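The primary structure of each chain is shown beneath.
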Amino acid sequence: MRLEKMDCGNGSIAVVSSDNVVITDVDSALDLLMSAKYEAGTEYLVVDKKAVTEDFFILSSGLAGEILQKYINYGGKLAIYGDYSHYTSKPLKDFIFESNKGKDFFFVETKEEAIQKITENM
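What comes next is a walk through the structure.

What counts, and at which threshold
Residues numbered from 1 in each chain as written. Predicted model: local features only at pLDDT ≥ 70, side-chain atom pairs only at ≥ 80, totals over all residues. Heavy atoms only, no water. Helix = DSSP H or I, 4+ residues; strand = E, 2+ residues; numbered from the N terminus. Rg over C-alpha atoms; globule rule 2.2 N^0.38 Å. Buried < 20%, exposed > 50% of the residue type's maximum accessible area, 1.4 Å probe, protein only. Contact = heavy atoms within 4.5 Å. Lys, Arg positive; Asp, Glu negative; His and termini not counted. Charge placed at Lys NZ, Arg CZ, Asp CG, Glu CD. Core = buried A, V, L, I, M, F, W, Y, C linked by side-chain atoms within 4.5 Å. Pairing = 2+ DSSP bridges. Axes fitted to C-alpha atoms, helices over the stretch in contact; angles between N-to-C directions. Salt bridge = Lys/Arg side-chain N within 4 Å of Asp/Glu carboxyl O.

Once that is clear, we can look at the overall build of the protein. What the protein contains, in helices and strands, is four helices and five strands. Across the protein, helices and strands are ordered from the amino to the carboxyl terminus as β-β-α-β-α-β-α-β-α. In terms of C-alpha radius of gyration, the protein reaches 13 Å, essentially the compact-globule figure of 14 Å for 122 residues. With the C-alpha coordinates of the protein rotated into their principal frame, the extents come out at 35 × 30 × 25 Å. The burial tally for the protein puts 44% of its 122 residues in the buried class. Of all intrachain contacts in the protein linking residues separated by at least 6 positions in sequence, the fraction that spans at least 24 positions is 68%. Here the protein contributes 13 positive and 20 negative side-chain charges, whose respective centroids are spaced 4 Å apart.

Turning next to the nonpolar core. Core analysis: the biggest nonpolar cluster contains 30 residues, and Leu-45, Phe-56, Phe-57 and Tyr-71 have the highest contact counts within it. Elements represented by at least two residues in this core include exactly strand E2 (11-17), helix H1 (26-40), strand E3 (44-48), helix H2 (63-73), strand E4 (77-81), helix H3 (90-101) and strand E5 (105-108). Ranked by the residues each element gives to this core, the list is headed by H1, at seven residues. Once you skip the residues sitting within four places of it in the chain, Tyr-71 turns out to touch Ala-29, Leu-30, Leu-32, Leu-33, Leu-45, Gly-76, Leu-78 and Phe-105. Residues Cys-8, Ile-13, Val-46 and Ala-114 belong to the second largest nonpolar core, which totals twelve residues.

Moving on: the sheet that holds E3. Read across the open sheet, the five strands follow the order E1-E2-E3-E4-E5; overall the sheet is mixed. Of all strands in the sheet, those with a lone pairing partner are strand E1 (2-8) and E5, marking the two edges. Averaged over all adjacent pairs, the angle separating strand axes in this sheet is 20°, with direction ignored. Here three bridges tie E2 to E3, and the two strands are oriented parallel to one another. Counted as the bridge partner of Val-16 is Val-47 from E3. Where H2 meets the sheet, its contacts fall on E3, E4 and E5, and the angle it forms with E5 comes to roughly 130°.

What follows concerns the pattern of salt bridges. Under the definition given, this model contains four salt bridges. Across the pair Lys-77 and Asp-104 runs a salt bridge, and its minimum N-O distance is 3.0 Å. Here Lys-77, found in strand E4, pairs with Asp-104, found in the loop between H3 and E5; they are 27 residues apart in sequence, far enough to count as distant. Here Lys-77 falls in the buried class, since its relative accessible area comes to 13%. Under the relative-accessibility criterion, Asp-104 is labelled partly exposed at 29%. Residues Lys-90 and Asp-94 are paired through a salt bridge, measuring 3.0 Å at the closest nitrogen-oxygen approach. Remark: Asp-94 and Lys-90 occur in helix H3; sequence separation between them is four residues, near one turn of the helix. Exposure remark for Lys-90: the relative accessible area of 54% places this residue in the exposed category. A relative accessible area of 36% means that Asp-94 is categorised as partly exposed.

Below you can see the structure in the form of structure tokens.
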């Protein structure tokens, strides 16, 4: 896993990339948030979708809800970038749409879009 600190006008963002899945469950997601806080001094994360377990995108597993609730509790904001076009689940598409209208969690196609969304909502 690579955690790159990016300084923005309003603070810092931790950009996470990995060849392996980093977010596998609630504990690993919370560990990632704490690593960003201690290593980069931020609770704003941009994560490659490849680093997130596919279970996150199966809403009935409850994993997405648990992780996002923990991030809210700890003041974290998360933007996950990647290709979502192959998902056919209407609840997931609705979840992504509603999340993108908020200020805490974003699902976008590119790293640049993820950085922009997080920066706009700092």
